Amino acid sequence: MVIPVRGTMALVVAAIIVAATLIWLPAYRLFLGISFGVGIVVALGLYLWHRFRPIREQDVENKRPLGLQ
């Protein structure tokens, strides 16, 4: 199935499809809720990791891998 829309309209169509699926399939609500929960936990973990262990300039080995000036 291909929907011939692009850009903002494609985002609107995707949101409508997700909303319709949430209404139509109750199990999808649980799956989406768990997925959002896992995503938020991973994002928070990565944020805190990089907040307290930032990448320093000396940690990067090859700053110019292509040898460009």
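Up top is the structure.
Model, not experiment: these values are computed from the prediction.

A.B. asks: Help me out: how do you make sense of the overall build of the chain in this one?
C.D. replies: Within the chain one finds 2 helices and 0 strands. Over its C-alpha atoms the chain spans a radius of gyration of 20 Å, topping by over 25% the 11 Å that the globule rule assigns to 69 residues. Once the C-alpha set of the chain is aligned to its principal axes, its extents read approximately 55 × 30 × 15 Å. Counting all 69 residues of the chain, 4% fall into the buried class.

A.B. asks: Before we go on, may I ask you to explain a nonpolar patch on the surface in this structure?
C.D. replies: A surface patch of nonpolar side chains, amounting to about 480 Å² of accessible area, comprises Leu30, Ile34, Val38, Val42 and Leu46. Its place among the elements puts Leu30 in helix α2 (residues 26-52).

A.B. asks: Even after reading the chapter, I still don't get the packing of helix α1 (residues 8-24) against α2, so can you show me in this structure?
C.D. replies: Two measures define how a pair of helices packs: the angle their axes make with one another and the distance between the axes. Where α1 meets α2, the closest approach of the two axes is 5 Å, and the angle between their N-to-C directions is 120°. With respect to α2, the element α1 is oriented oblique. In contact with Val18, Thr21, Leu22, Ile23 and Trp24 of α1, α2 contributes Pro26, Tyr28, Arg29 and Leu32. Per-class residue counts for the contact of α1 with α2 are 7 nonpolar, 1 polar and 1 charged.

Calculation criteria
- Residues numbered from 1 in each chain as written.
- Predicted model: local features only at pLDDT ≥ 70, side-chain atom pairs only at ≥ 80, totals over all residues.
- Heavy atoms only, no water.
- Helix = DSSP H or I, 4+ residues; strand = E, 2+ residues; numbered from the N terminus.
- Rg over C-alpha atoms; globule rule 2.2 N^0.38 Å.
- Buried < 20%, exposed > 50% of the residue type's maximum accessible area, 1.4 Å probe, protein only.
- Patch = residues over 30% accessible without salt bridge, like charges linked within 9 Å, V, L, I, M, F, W, Y side chains within 5 Å.
- Areas by Shrake-Rupley, 256 points an atom, 1.4 Å probe, with all protein chains shown as cover.
- Salt bridge = Lys/Arg side-chain N within 4 Å of Asp/Glu carboxyl O.
- Axes fitted to C-alpha atoms, helices over the stretch in contact; angles between N-to-C directions.
- Parallel < 35°, antiparallel > 145°, perpendicular 65-115°, else oblique.
- Contact = heavy atoms within 4.5 Å.
- Nonpolar A, V, L, I, M, F, W, Y, C, P; charged D, E, K, R; others polar.

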